[in-house]
Amino acid sequence: MGERKVLNKYIPADFDPKLVPRGKKPKDDLIPVRMMLPFTVQCSTCSSFMYRGRKFNSKKEAVKGSEGKYLGIQRFRFYIKCTACSRPITFLTDPQNADYEMESGGTRTYEVHKDRAKQDKETELEEAKAEKLDPMKALENRVLASQKEMADLDNLDEIKAMNLRHLRMLGTIGAGIREAEAMGHVADATSAIIGAKHDKNDEKDPLELDESDEALVKSIKFGKRQNKKGNSISRLTKSEEEEMIRRRESDRVALEKQQLEMVQKSKAQKLNKLNFKVKRKRKVSAERSTVVKKNNNPNDIPKEDGSKSESTEKD
């Protein structure tokens, strides 16, 4: 492939570049532009949708006539084709609203945020007109605005006081901040908190011991055996530590055993509740079954002494 990459070309001695004809494009020729759709479009022919952000090889041209410029800004027209039916679709730039405007070939879909911004702008204009026509309405609006401003200031002061309380709890407030707080200047105190640089002497360490705590620590003699007065604390020896570990282990085993016994007892109580007696049918002997059959015979009439009479003779 090296022979195809030509870096040096032969230029004859009698070559005149002025004699080479140059092609000129017309001024009104369309310029190809690779762009994405700025809004969702529905084709008017096939009703297919082309969504916002889809890339197209479009053609661009400058708009002519009275609508070609807005405040000296040139407007442009873009030509694209429908992806389903190849119908040409055109839309224009809209420098007045910093947006695009649909021209032909399709319809732009509804966009909520556009209408909301437009409606907000219209309401503001209507309120301004109403204030000009009605001075009492303007006075009411000013009173409401001042009330809202006062409420916002109260909320801000409350937040500052809360921050001041938190810093007081942490113990990082200097003497100057305490003075400002005592005078009632909460804003000054908070500003002093934000921009203050405290000295190490003014700051109090929350882990620092008082005089009473230091005296108590000095009175206790660690690492020594207990004397007669009993005012010292001694460390445990190895044998004492082993004995303590042994006791803990025995206590743990006893507790586990006790828990196991309680579980077994509860299970036994549940089983006792579930146990109930089932009445079974007694086995009837063969002789008694024959006696029962004879008693069921209507021809047999029992005697007074309890014996059964013989069956009557047939007619």
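Refer to the structure above for everything that follows.
First things first, this report covers the structure right here in the doc. (Residues numbered from 1 in each chain as written. Predicted model: local features only at pLDDT ≥ 70, side-chain atom pairs only at ≥ 80, totals over all residues. Heavy atoms only, no water.)

### Overview of the packing of aromatic side chains
How we decide: In summary, the pairing rule links any two rings of Phe, Tyr or Trp, Trp by its six-membered ring, whose centres are within 6.5 Å, and it sorts them by plane angle into stacked for under 30 degrees, edge-to-face for over 60 and tilted for everything else. Exposure classes here rest on a 1.4 Å probe applied to the protein chains alone. A residue is buried below 20% of its type maximum, exposed above 50%, and partly exposed in between. For a ring to carry a charge above it, either NZ of a lysine or CZ of an arginine must fall within 6 Å of the ring centroid while also lying within 35 degrees of the normal to the ring plane.
The final tally for this structure, using the stated rule, is five aromatic pairs. Ring geometry for Phe-91 versus Tyr-100: centroids 6.0 Å apart, planes at 75 degrees, classification edge-to-face. Look at Tyr-100 and you get partly exposed, because its relative accessible area is 29%. By way of ring pairs, the aromatic residues Phe-39, Phe-78, Phe-91 and Tyr-100 are connected into one cluster. Its end group placed over the ring of Phe-76, Lys-60 keeps NZ or CZ at 4.8 Å from the ring centre.

### Digging into the pattern of salt bridges
Here is the rule: Salt-bridge detection follows one rule: a side-chain nitrogen of Lys or Arg within 4 Å of a carboxyl oxygen of Asp or Glu. Secondary structure counts use DSSP, requiring at least four H or I residues in a row for a helix and at least two E residues in a row for a strand, with both numbered from the N terminus.
Using the criterion set out here, one finds nine salt bridges in the structure. Between Glu-243 and Arg-246 there is a salt bridge, with its nearest N and O atoms 2.4 Å apart. Here the residue Glu-243 and the residue Arg-246 both occupy positions in helix α6 (residues 238–274), the gap between them amounting to three residues, near one helical turn. Residue Glu-249 is joined to Arg-252 by a salt bridge in which the shortest nitrogen-to-oxygen separation is 2.2 Å. Taken together, the residues Glu-249 and Arg-252, both in helix α6 and three residues apart, mark about one turn of the helix. Accessibility expressed as a relative area gives 38% for Glu-249, which makes it partly exposed.

### What to know about a nonpolar patch on the surface
The test is simple: Patch members must show over 30% relative accessible area and no salt bridge, and they are joined within 9 Å when carrying like charges or within 5 Å when they are nonpolar side chains of Val, Leu, Ile, Met, Phe, Trp or Tyr. Note on areas: Shrake-Rupley, 1.4 Å probe, and residue coverage restricted to the protein chains presented here.
A cluster of nonpolar residues, Ile-11, Phe-15 and Val-20, forms a patch on the protein surface that exposes about 300 Å² of accessible area. Among the structural elements, Ile-11 can be located in the segment before β1 (31–36).

### Some details on the sheet that holds strand β7 (residues 76–81)
Which entries qualify depends on this criterion: A pair of strands counts as paired when DSSP detects no fewer than two bridges linking them. Interaxial angle, 0 to 180 degrees, is taken between N-to-C directions of lines fitted to C-alpha atoms, where a helix line uses only the stretch in contact.
Strand order in the open sheet formed by five strands is β1-β4-β7-β8-β9, and the pairing between neighbours is antiparallel. One side of each edge strand has no neighbouring strand; the edge strands of this open sheet are β1 and β9 (99–104). Each adjacent strand pair in this sheet contributes to an overall mean axis angle of 35 degrees, direction not counted. Two elements, strand β8 (residues 88–94) and β9, share five bridges in a ladder whose sense is antiparallel. Bridge assignment links Thr-90 to a residue of β9, and that residue is Ser-104.

### What to know about helix α2 (residues 135–170)
Applicable threshold: Given the number of residues in a helix, its expected span is that number minus one, multiplied by 1.5 Å. N or O atoms within 3.5 Å of each other form a polar contact, as long as, within protein, one can give a hydrogen and the other can take it, and as long as residues adjacent in sequence are counted only when both atoms are side-chain atoms.
Here α2 spans 53 Å end to end across 36 residues, near enough to the 52 Å set by a 1.5 Å rise per residue. Structurally, the start of α2 carries an N-cap: the backbone nitrogen of Met-136 is 3.3 Å from a side-chain oxygen of Asp-134.

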